[in-house]
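Notes for the structure review
Spelled out, the chains give:
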Amino acid sequence: MKIRSNKQIHYDSGPNTTPLVDIVMVILIFFMLAGSFGIQSHFLVSTVPASVKGIVTAPPPPNWIPPTELEIRVETQGAGFVATVGNRQITDKNVLQATLKQMYAQFPDPQSVEVRINPGRDVDYQHVIDVYDAAVGAQFAKIGFNTALLYR
Amino acid sequence: MKRRRMPDMKEGGVNVTPLIDIVMCLIIFYMLVAKIGVAVGIDQSIKIPESIQGLKIKDFGNTLTLNVRPGPMSAAGPVPQITAEVGGTMTELHITGATDSLVETLRYLRAGDPARNIPENRSFAVIIQGEKSMTFQYLAPVLIACAQANVHNVSFATGIPVVEKKP
């Protein structure tokens, strides 16, 4: 019987990294599955409270000058909407944004103008957001809602 | 003179060093960027409207997300179904109600409540996660409640519109 000698070649070329790779892979898969990069990334921010008849949130400070208001009435028209700004009736979001941009340029102090969106009760939320989006796109800084049409 | 021979180089298997390098980089990236366990009460099943102009909110610490869906029509008018994560638990809030009303909840989160150990929060903001198919009559009571609770900072969660590819 042939006895094997101790002079066999060992194939180890360093520390055994197999457990390390296993653990690291598990951690990586955990992070990939459990992590979320952004909770929500897109918001239309309003700092103007809704204008509601009969509600006074805070008394105005002394020497308070009421802001210039630009009202946009929104009503449902078929599957879309019709926005009334001044004496113009607009059914397209891009046309509305262009019109509001023109109006923005005509105000002496456009940043102080409060845009009041006044939607009817049956107007889709998407169309309300479309009008809001157009007002933001026209560079208006103060955009809020009016609920007057709701209780007609 | 006896000449010594250099030992044979024997590879023990696949070289995993580059793999470990890349995997470690990925882990560090995920650890820094990923938000694990951050829940702000957003109902992901709600289909939100789309908008082009939109801002990012980085800090959700001072916000309360209201998930708003169209509800039943009562004698008093349309009743929106509102849920929010208040005090770590998902709660259904009502437009009218004694203990769990939306106005009262917003009021004590904004103005503070010593009994609940909640301090005044002047930068308190509300995020409305509304179903895009609902009509304004369901949204209006929420906006009115925000105005009543003196919450002036209201944001509307919107999605980025998908651009259709031209053939």
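See the structure printed just above.
Given the structure is predicted, the values throughout are model-derived calculations rather than measurements.

1. Re the nonpolar core
By size, the foremost hydrophobic cluster in this structure holds 55 residues, and its most contacted members are Leu100(A), Leu66(B), Leu106(B), Ile128(B) and Phe156(B). Sorting elements by how many residues they give to this core places helix α3 (residues 136–148) of chain B first, with eight residues. When neighbours within four sequence positions are excluded, Phe156(B) is seen to be in contact with His42(A), Phe43(A), Leu44(A), Ser46(A), Tyr125(A), Ile129(A), Tyr132(A), Phe145(A), Ile128(B), Leu139(B) and Leu143(B).

2. Here's the deal with the pairing of strand β4 (residues 81–86) of chain B
All names here are of chain B. Burial along β4 is one-sided: the face carrying Ile82, Ala84 and Val86 is buried and the face carrying Gln81, Thr83 and Glu85 is not. Relative to β4, strand β1 (residues 63–69) runs antiparallel, the two sharing three bridges. The residue bridging Asn67 from the neighbouring strand is Thr83, located in β4. Relative to strand β5 (residues 89–93), β4 runs antiparallel, the two being bridged by five bridges. Opposite Glu85, over in β5, you have Met90 as the bridge partner. Counting the residues between successive antiparallel strands, the hairpin from β4 to β5 contains two residues, one of them, Gly87, with a positive phi of roughly 65 degrees.

3. Re unusual backbone geometry
Residue and element names in this part refer to chain B. Of note in the backbone geometry, Asn117 takes a positive phi value of approximately 60 degrees without being a glycine. One can find Asn117 in the loop between α2 (102–111) and β6 (125–130). Judged by its relative accessible area of 69%, Asn117 falls in the exposed class.

4. Re the sheet that holds β5(B)
The six strands are arranged β1(A)-β7(B)-β6(B)-β1(B)-β4(B)-β5(B) in an open sheet whose pairing can be described as mixed. What marks the edges here is a single partner per strand, and that holds for β1 (43–46) of chain A together with β5 of chain B. Strand-to-strand twist in this sheet, taken as the mean axis angle between neighbours without regard to direction, amounts to 25 degrees. Two strands pair when backbone bridges link them, and β1(A) and strand β7 (residues 153–157) of chain B are joined in this way by four bridges, in the antiparallel orientation. Looking across to β7(B), one finds that Leu44(A) is bridged to Phe156(B). On the sheet, helix α3 (residues 125–137) of chain A packs against β1 of chain A together with β6 and β7 of chain B and is oriented at approximately 70 degrees with respect to β1(A).

5. Examining the pairing of strand β2 (residues 69–77) of chain A
Alignment of β2(A) against strand β5 (residues 114–119) of chain A, held across six bridges, turns out to be parallel. By the bridge assignment, Leu70(A) is partnered in β5(A) with Val115(A).

6. Details of α2(B)
Residues and elements named next belong to chain B. Counting buried residues in α2 gives seven out of ten residues, a clear majority hidden from the surface. Within the sequence span of α2, burial applies to Leu102, Val103, Thr105, Leu106, Tyr108, Leu109 and Arg110. At the C-terminal side of α2, Gly112 shows a positive phi close to 90 degrees.

7. Quick look at the interface of chain A and chain B
With 55 residues of chain A in contact, the opposing surface of chain B contributes 59 residues. Summed over both sides, the interface of chain A with chain B buries roughly 5000 Å², with 69% coming from carbon and sulfur. Run the count over chain A and chain B and you get zero salt bridges. Between chain A and chain B we count 15 residue pairs in polar contact (both at pLDDT 80 or more) in total. Looking at the side of chain A that touches chain B, the elements that each hand over two or more residues are α1 (18–34), β1, α2 (93–106) and α3 of chain A. With ten residues, α1(A) is the single largest residue contributor to the side of chain A that touches chain B. Of the residues assigned to the side of chain A that touches chain B, the class counts are 32 nonpolar, 17 polar and six charged.

Calculation rules
Residues numbered from 1 in each chain as written. Chains lettered and ligands numbered in written order. Predicted model: local features only at pLDDT ≥ 70, side-chain atom pairs only at ≥ 80, totals over all residues. Heavy atoms only, no water. Core = buried A, V, L, I, M, F, W, Y, C linked by side-chain atoms within 4.5 Å. Buried < 20%, exposed > 50% of the residue type's maximum accessible area, 1.4 Å probe, protein only. Helix = DSSP H or I, 4+ residues; strand = E, 2+ residues; numbered from the N terminus. Contact = heavy atoms within 4.5 Å. Pairing = 2+ DSSP bridges. Axes fitted to C-alpha atoms, helices over the stretch in contact; angles between N-to-C directions. Buried area = accessible area lost by both parts, 1.4 Å probe. Salt bridge = Lys/Arg side-chain N within 4 Å of Asp/Glu carboxyl O. Polar contact = N/O pair within 3.5 Å; in protein donor to acceptor, adjacent residues only side chain to side chain. Nonpolar A, V, L, I, M, F, W, Y, C, P; charged D, E, K, R; others polar.

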